[in-house]
Amino acid sequence: MPIWNRILATVDEHDSSMQAVRYLAGVLGGSDACRVRIMAVYQAPEPDAHPQQEQRAAAAAQRKQLLLERLEAARQVLVGARIPAYNVSTQLQESGGRTIAETIMAAQRQGGFGTIVVGRRGLSKAEEFLFGSVSNSIVHNATDCAVWVIS
Amino acid sequence: MREAPELLERARELTGRRLKQVRLITDTTEFMNLEPGDVLELQGRRYVLKGSEYEGRFGLDEQPKYWVKRALDWEDGTPKIIKLVFYEEFDMSLGEITVRCYRSPSKEGRILALVKGNPNFMQGITLRDAADNQVRVLDRIHGGPLDQHLQELECDHREYYERHLRRVLSKLLVAFEAIAWLHNQGERHGDVRRDHLFVDRDSGAWSWIDFDYNFEFRQNPYGLDLFGLGNVLAYAVARRDVTHHVVREHYPQAEDALAPDDFSPVIRNRVMNLKKVYPYLPESLNNVLLHFSRGAGVFYERVEEMMAELTPAIAELPQGEA
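Below is a short write-up of the structure.

Calculation notes
- Throughout this document, residue positions are counted from 1 along each chain, in the order its sequence is written.
- Starting at A for chains and at 1 for ligands, labels are handed out in the order in which the entities are written.
- The predicted origin of the model limits local features to residues at a pLDDT of at least 70 and limits the giving and counting of side-chain atom pairs to 80 or more, whereas totals for whole chains, interfaces and linings rest on all residues.
- Computation of side-chain values covers all heavy atoms of the structure but excludes hydrogens and water.
- Only protein chains enter the area calculation, which uses a 1.4 Å probe; residues under 20% of their type maximum are buried, those over 50% are exposed, and those in between are partly exposed.
- Counting from the N terminus, the helices are the DSSP runs of H or I reaching at least four residues and the strands are the DSSP runs of E reaching at least two.
- Note that the arc is defined by the directions from the helix axis to the C-beta atoms.
- Contact criterion: two residues are considered in contact whenever any of their non-hydrogen atoms come within 4.5 Å of each other.
- Two aromatic rings from Phe, Tyr or Trp, using only the six-membered ring of Trp, form a pair when their centres are within 6.5 Å; if the ring planes differ by under 30 degrees the pair is stacked, by over 60 it is edge-to-face, and anything between is tilted.
- Lines fitted to C-alpha atoms define the axes here, with helix axes fitted over just the stretch in contact, and angles between the N-to-C directions of these axes take values from 0 to 180 degrees.
- Angular relationships are summarised with four words: roughly parallel below 35 degrees, roughly antiparallel beyond 145, roughly perpendicular across 65 to 115, and oblique for the angles in between.
- Should the near helix be turned anticlockwise from the far one by less than a right angle, the crossing is termed left-handed; should it be turned clockwise, right-handed.
- Classes in brief: Ala, Val, Leu, Ile, Met, Phe, Trp, Tyr, Cys and Pro nonpolar; Asp, Glu, Lys and Arg charged; the others, Gly included, polar.
- Each of two parts loses accessible area, computed with a 1.4 Å probe, when they are put together; buried area is these two losses added.
- Between Lys or Arg on one side and Asp or Glu on the other, a salt bridge is scored when a side-chain nitrogen of the former is within 4 Å of a carboxyl oxygen of the latter.
- Between N or O atoms, a polar contact is any pair within 3.5 Å; within protein, one atom must be a potential hydrogen donor and the other a potential acceptor, and residues adjacent in sequence are included only when both atoms are from side chains.
- By definition, two strands form a pair when at least two bridges between them are found by DSSP.

### Thoughts on helix H9 (residues 283–290) of chain B
Residues and elements named next belong to chain B.
Next, step 1: Those residues of H9 lying buried are Leu 285, Asn 286, Val 288 and Leu 289. Down the axis, H9 shows its buried residues gathered within 150 degrees of arc, on one side only.
Next, step 2: On the buried face of H9, the contacting elements are helix H5 (165–184), helix H6 (223–238) and helix H10 (303–315).

Here it is in C-alpha cells:
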C-alpha cells in the first residue's frame, strides 16, 4: 500500500524536470513530514547506434555522468529548501529495456511511493506522437498514487 | 581480391555479358570499387555481381546505392540482393521534426535470422567476408511495392472501396500483425513505408523489406514504426497520399470542411481524416485513421492497439472481390 508522504521525484536531462524539483522544494521546504527519493532513469546506448565498444562505453559514461550531476543538483535544491538531508535520497535506475515511464512506475510500486512528481516538457503534437510523453504515460498508467505534473 | 581466369566462363554464362575479366573478391570493405562481373566469395559461397540498386521512390532524384548490389547465385543463378556493410548516421526530417537515424547491418542481420521462414518478411542470410563484414544475401522478391500493386487496380476510388478495399486491408492487417510480432521480439522495423512492403506475385505474400535503420527512441520505442504504419494505412485506404493540394485539385468539395486537426501531426499537409474526402468510408475505419491525426487525444503506442480497432473496422467494409 503506497504511503502518501513518500515522494518519488524524477529528473532527466531536461530543464523541466529541475523545474519540478524546485516546485517540490517550494511546497515542502522547511518540513520534515515527507521522504523524497529523487530518481533518474538511465537507458544504455543501443549497440546498433554505437557499434564500436569504446564508442558505446564513452556514450554510456557521458550519459550516466550527466544524470548523476542532475541527481546531485536536485538533492541540493531540496536540502537547500530546509528539507532534512536524511529525508532526501537519490537513485540512478537502469531501465533494463523498459521505457522511462515503465521504469518510474515499477520503482513507485516497489518503493511504495504515494506520490510521483514529474516535469512536463511541453512537447508539440508531432513530438508527442513520435517520441511519446513520459508524463502522459505516467498519468495514464498510475492507479494507486498521486501524480504531480509540473509544467 | 585476385583475378581468376577460370571464373570467367561461368560469370559470362550467368550474367549474359561479354566480360573481359573477373575478379574474385573476398573483402567487401571497399564496396565502391566493386564492379559488375566481380565474384564475391563469402564463407565458401559465391555470387556474381550485376550492378548496384537504386533508391527507387523519388523519381528524378534516383541515386545508386553502391552498398546494395544485384547479384546471381553462383550455383543455381537465382537472383539475390547483396547488402554490404555501410555505416551511416544522419538526421532524418519528418515534417518539422528531426530524428537521428543509424544504419545498422548487425540489426538487419539479427532480424533476418529472427524472421527466417516467415513470409511476412524478406528472406536472406548473413555471411561474413574475409574482413568479418556482415554481408546480407537476400532473396529477390518477384513483385513490386504496395503502391505499385494498388495502382495496377484500374478503377476509381468508389469502385476500389467497394471491390478491393476489404481484401487490401485484410492483407495489410497480416502485415501489421507481423510488425507487432517483431516489436514483441524487442525489435523495430525502423523504416516502415509503403514501398518497403512488397507484394510477391508468385506467393501472394506481402513482405516487409529493409530492416537496417534504427533510432534511439527512449520513451516511445515503436513510435516511428507506428507513424509509418499509419501512413501506409492511409495510403491503402485512399490509394494515394491525400494532401491539402490533392484535395484542392481533385476533391474541392471537401476542402472547406478540412480543419487543422484533420491532418497528420508530423506531415502537416497530409490529410488523415479521410472520411471528409471519401464520405462513404465507415466511421470505424476512419476512427483508426484519426488516431494518426493532430486532433487525436491519445496516440497508439502499440500496434496491437491499432489492430484491435482495425479488425472490426475491416469487417464492416463491403465484401468486394475475394
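### Concerning the packing of aromatic side chains
Next, step 1: The tally for this structure, following the rule as stated, stands at 13 aromatic pairs over all chains.
Next, step 2: Aromatic side chains A:Phe129 and B:Phe227 sit 5.9 Å apart centroid to centroid with 85 degrees between the ring planes, which places their arrangement in the edge-to-face category. You can see A:Phe129 sitting in helix H4 (residues 125–131) and its partner B:Phe227 sitting in helix H6, one on each of two chains.
Next, step 3: Classification of A:Phe129 by relative accessible area gives buried; the value is 5%.
Next, step 4: Look at B:Phe227 and you get buried, because its relative accessible area is 7%.

### Considering the packing of H6(B) against H10(B)
All names here are of chain B.
Next, step 1: For the pair H6 and H10, interaxial distance at closest approach is 10 Å and the crossing angle is 25 degrees. The angle between H6 and H10 falls in the class roughly parallel. In the packing of H6 onto H10, the handedness of the crossing is right-handed. Across from Leu 226, Leu 229 and Leu 233 in H6, the residues of H10 making contact are Val 303, Met 306 and Leu 310.
Next, step 2: Class assignment for the residues of the contact of H6 with H10 results in six nonpolar, no polar and no charged.

### Here we look at the interface of chain A and chain B
Quoted interface sizes are often the accessible area lost when the parts come together.
Next, step 1: At the interface, 25 residues of chain A touch 30 residues of chain B.
Next, step 2: Buried surface at the junction of chain A and chain B, both sides included, amounts to about 2300 Å², of which 57% is carbon and sulfur.
Next, step 3: A per-residue breakdown of the area chain A buries against chain B is headed by A:Asp48, A:Phe129 and A:Leu130, which together make up 35% of the total.
Next, step 4: Across the chain A-chain B interface, the total number found is two salt bridges.
Next, step 5: Between B:Arg188 and A:Glu46 there is a salt bridge, and its shortest N-O distance comes to 2.8 Å.
Next, step 6: Taken together, the links from chain A to chain B amount to ten residue pairs in polar contact (both at pLDDT 80 or more).
Next, step 7: Contributing elements (two or more residues each) for the side of chain A that touches chain B: helix H3 (100–111), H4 and helix H5 (134–141) of chain A.
Next, step 8: For the side of chain A that touches chain B, the element with the highest residue contribution is H4(A), accounting for seven residues.

### What to know about the sheet that holds strand S13 (residues 206–208) of chain B
Residue and element names in this part refer to chain B.
Next, step 1: Taking strand neighbours across the sheet as the criterion, the three strands line up as S11-S12-S13 in an open arrangement whose pairing is antiparallel. Bordering the open sheet on either side are strand S11 (143–145) and S13, each of which pairs with just one other strand. Ignoring which end each strand starts from, the neighbouring axes of this sheet average 30 degrees apart.

### What about the pairing of strand S8 (residues 97–103) of chain B?
Residue and element names in this part refer to chain B.
Next, step 1: Among the seven residues in S8, five count as buried, and that is most of the element.
Next, step 2: The sheet contact formed by strand S7 (residues 88–94) and S8 spans seven bridges and is antiparallel. Residue pairing in the sheet places Met 92 in a bridge with Val 99 of S8.
Next, step 3: In this structure, the hairpin formed by S7 and S8 is closed by a connection of two residues, where Gly 95 is found at a positive phi of approximately 60 degrees.

### A short note on the pattern of salt bridges
Residue and element names in this part refer to chain B.
Next, step 1: Taken as a whole and assessed by the stated rule, the structure comprises 33 salt bridges over all chains.
Next, step 2: In this structure, Arg 270 and Asp 241 form a salt bridge, with 3.8 Å as the shortest nitrogen-oxygen distance. With a gap of 29 residues between them, Arg 270 in the loop between helix H8 (252–255) and H9 and Asp 241 in the loop between H6 and helix H7 (244–250) connect regions that are remote in the sequence.
Next, step 3: Residue classification places Arg 270 among the buried positions, given a relative accessible area of 15%.
Next, step 4: Where Glu 255 meets Arg 248, a salt bridge forms, and the shortest distance between an N and an O atom there is 3.1 Å.

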